[in-house]
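Chains, contacts and geometry: an overview
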Amino acid sequence: MKAILTDVTKCIGCEECVAACKEYNKLEENVPRAWHRDDGLSARNWTSIIHKPGPHYVRKQCRHCLAPACESACPVGALIKTDEGPVIYDGSKCIGCRYCMIACPYGIPRYDWDSAVPYIQKCNMCVERLKKGIEPACTSACPTGATIFGDRDELIKEAKRRISQEPGKYINKVYGEHDVGGTSVLYISDVDLDFLTFPLKSGDKVLPDTTMTAMSAVPPAFIGMGAIMTGIYWICKRRDEVKQHDNGGGEEK
Amino acid sequence: MKKVTIFKSVLWAILGFALASGITRMLFGLGSITNQSDATPWGIWKGMNVIPGIALAAGGFVVTAVIYIFRRHEYARYSRVAVLLAFLGYLSAATALVVELGLPWMVWHPVIYWQHHSALFEVSWCVILYLMVLFLEFIPVPLEETGWFPKVKNFLIKYKLVLVILGVMISTLHQSSLGTMFLITPEKLHPLWYSSLLPILFFISAVAVGPLMVILAVLTISTLYNKVIEKEKLAKLALASAIILTIFSVIRLVDMGIHGKFGIAFSGSWQSAIFWIEMLLVFFIPVISLAFKKMRYSTGALWMATISAVLGIGLHRANIAGIMLTQTGATYTPTIFEISISLGILSAAILAFLFCVERFKLWEVKWEDPREGLESKPQFDRAGEVWLGTPHIANRTVFSAVLIVTFAVSLAIIPYNRIKSEGVVKVDVREALGSVMEGDTLIIDGNRDGYAVKFDHNYHAYNDSLKITCGICHHMNMPLDKTSGCYSCHREMYTPVDAFKHDWHASPSGAKLSCTQCHPDGERKLADNAKDCSECHKDLIPTDATIKVESYDALSYADAMHGVCVECHKTEAAKSEDRAKLGQCESCHSAERIMTVEGNAIGLDMDKAFGSVVLPENEMEESVEPAKEVTDE
């Protein structure tokens, strides 16, 4: 499975990746709109650079989770985790419910709020390039090698090698190795990256499992409720008949 | 005017408002009338109409189950009201969902794209199926009035029990699955509301509040049409609901206790305050007003208990579906247009409800016994205490007028810039700060975000080997100026602006020019036929300017700066190996660049240093003086 590793210590914040992404995916110019969040991502910016004091530059993009909450939430299967790694979006299936935006633990999917025919917008790891065996636009554009593309297992090894080589420099964690069940976009950093998620941490909890626990109870609940209701009906009917019989009002059927 | 007429007029007025908003939303997208955003993707329609609405419409399955499955025939009178309430409730929730969906015409997609792992998929299927069940449960009522399809009607009445049981089965699923939908958001939903028991809590609260909503409807009808109600019977039903509400609250509190959340509940945050308001509405007020026999049998207590519980459960659902959902610090206030659609859908449902109340025999006294079969037609007490008989259609003119007027008025007040979706946040550009570092280095921070680029003006201007003329950058200057800053025309960070200040030229406090001084007399006043700026301002374009000014639309500041710098840098970079880095972003946006306003390397008070831009007014006036003389002649 393919993945992207971003080394925050190497990023100079030049936003070449942002420009390359926009060019390859033919995204329109991004102008600030009232409905944008302050992280730079929008329907027209699938990746952005967040400035943190220091200076640190943290690239934000879809994490391409191994067990994506958006895929689990989508009622029509418009979001699919592919075997190659990317979580891709099929606008022709989408109904526009925006449940994926609610479900995503990283708050990644964005919406075409100004369009009468709106779609979800998010990074697809340049899946068309991947199919041709070319790396994503963003990693190929990076002048410093801060964000690199490769096999997920090998990138984790590389990340751990870098951390063990300079233990004082990095926080001893490969972000995305286990978070929400693992992601295909990994980070190593000298600055805490918890700001990329929401304040209440899901930790390593696999989010689709929370839904599946309840959803697996659906068929038994459906059949069971039918059986219980039919049973109650017969009991109540019998009760009425006995009462009627005792009152001498009629025959027992 | 009668109470009913006034009430209905208000509903029609809201509907008119909603229609205008709805049309705008469909034509120009969600952003045109809503405040929903990337941070708060669900707004009032989901938080008020859909998720609480489905709970409030649960009376349909609860009351029919009580009558037909538990065989409590004394409530048979309310069977049809409950079914109608549920049918219209689900219809209104479905309508709100359709308005809320980005691609409403794709609403049927869950039928063909099966996703067994999605709670919303399950809910959509159930809502579609249950709407059909409710339709079949209710359709005998109008059929009976019109006399159409008697066989269908009798068949449906005969097998009503099957429909009732189906209704209970389907409702159990989707009422709980609505709660399941929020299990996937542990990192966003506030801990006072997040619980792994959400599906069960949602189901129980729906069972409790459904019958209370039916009672509220009965109370409303009795007030509107001055009818007597069966207090004892309703109070008994309400008491059962109150007991279920107690179970709901106890489960919730025990669950909170197990997970040690009482600390948060007493933390004094605004969320904890809302939590206690919820508890008050859902638990304390309804239970206290129904616990004592004396109070229970008073209409006031019934009103209080039902309204409180309905509001409480509504608030509970709204909290989960929106208010407590985003922990990003983002705020969301619905626009009046969103609210109008929300209320408009409810108004339509209430109007349809009142239509049925007035038109059909909703108040059958006799319980339909499925065993009685086809032959015996259900008997109705036509002169019964509440059935109103077929009314003459009154007040058509009033209602139409109200609808049309509010529709027109609201179309007029929908702001044009929202329709055009020009929700662009303006980012004014400020002057580069110079001469404060060694030499003549400028600090360029156009959008005032504290991240500046250093620009060595001396190096660029006076390095003979570069052969740079002033005109490369200062390709156009303000009148009587030779070194106008880039910001004076490229005034906006991301969008192009008109460099020509038309209004200033026409204003009495500005250049005091009359129209004909620039535009030819007797022709339409267009930018094309206006005098060229250089006709009055001879010194506008320097002689060594390399960039040709073709129009007075100035590029955005970011584009202008990148355009003028990056082009040269790339050419220079191509010249020799050792300058290769010059073409890269980091040559300007380097780690050395001044990072923050507070902690920048040179200790500048940037805000003090960058005063507001003042136009050289005297010079401007001088430069337009020749034009003034023209006026005098």
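Since the model is a prediction, treat every value here as computed from it, not as a measurement. Throughout, residues of each chain are indexed from 1 in the direction in which the sequence is written. Each chain gets a letter, beginning with A, and each ligand a number, beginning with 1, in the order they are written. With the structure being a predicted model, the display of local features is reserved for residues of pLDDT at least 70 and the display and counting of side-chain atom pairs for 80 or more, all residues being used for whole-chain, interface and lining totals.

**Things to note about the overall build of chain A**
Definition in use: The numbering of helices and of strands both runs from the N terminus, where a helix is a DSSP run of H or I of at least 4 residues and a strand a run of E of at least 2. Our radius of gyration is a C-alpha quantity, and the globule rule it is checked against amounts to 2.2 Å times the number of residues to the power 0.38. The exposure scheme places C-beta atoms from the backbone and then counts, for each residue, the other C-beta atoms within 10 Å of its own, assigning buried at 20 or more, exposed at 12 or fewer, and partly exposed in between. Throughout, a pair of residues is in contact if the C-beta atoms placed from their backbones lie within 7 Å.
Counting secondary structure elements, chain A contains eight helices and nine strands. The C-alpha radius of gyration computed for chain A amounts to 26 Å, which surpasses the reference 18 Å derived for 253 residues by more than 25%, pointing to a less compact arrangement than a globule. Summarising its shape, the C-alpha atoms of chain A cover approximately 95 × 45 × 35 Å along the three principal directions. Counting only residues that meet the buried cut, chain A has 46% of its 253 residues in that class. If you take every contact in chain A between residues at least 6 apart in sequence, the share linking residues at least 24 apart comes to 60%.

**Looking at the interface of chain A and chain B**
For the record, the criterion: Just so you know the grouping, Ala, Val, Leu, Ile, Met, Phe, Trp, Tyr, Cys and Pro go in nonpolar, Asp, Glu, Lys and Arg go in charged, and all remaining residues, Gly too, go in polar.
With 70 residues of chain A in contact, the opposing surface of chain B contributes 67 residues. For the side of chain A that touches chain B, the elements supplying multiple residues, two or more each, are helix H2 (69–73), helix H3 (99–103), strand S6 (110–111), helix H7 (207–215) and helix H8 (218–246) of chain A. The element that contributes the greatest number of residues to the side of chain A that touches chain B is H8 of chain A, accounting for 12 residues. Split into classes, the residues belonging to the side of chain A that touches chain B amount to 43 nonpolar, 15 polar and 12 charged.

**Observations regarding the environment of Arg98 of chain A**
Along the chain, Arg98 of chain A falls in the loop between strand S5 (87–89) and H3. Look past the residues within four positions of Arg98 of chain A in its chain and what remains in contact with it is Tyr111 of chain A together with Pro41, Trp42 and Gly102 of chain B.

**A few points about the sheet that holds strand S9 (residues 185–188) of chain A**
In sheet architecture, strand pairing relies on hydrogen bonds along the backbone and comes in two forms, parallel and antiparallel. All names here are of chain A. As a reminder, the rule being used: Here a strand pair is declared whenever DSSP counts at least two bridges between the two strands. Lines fitted to the C-alpha atoms define the axes, with helices restricted to the stretch that makes contact. Angles between their N-to-C directions range from 0 to 180 degrees.
Within the open sheet, the three strands sit side by side as S8-S1-S9. Their pairing is mixed. The open sheet is flanked by strand S8 (147–151) and S9, the only strands paired with a single partner. Averaged over all pairs of adjacent strands, the angle between strand axes in this sheet comes to 25 degrees, irrespective of strand direction. Sheet topology places strand S1 (residues 2–7) next to S9; four bridges connect them, and they run parallel. By the bridge assignment for S9, Asp7 is matched with Ile188. Relative to the sheet, helix H6 (residues 152–165) contacts S1, S8 and S9, its axis offset from that of S1 by approximately 20 degrees.

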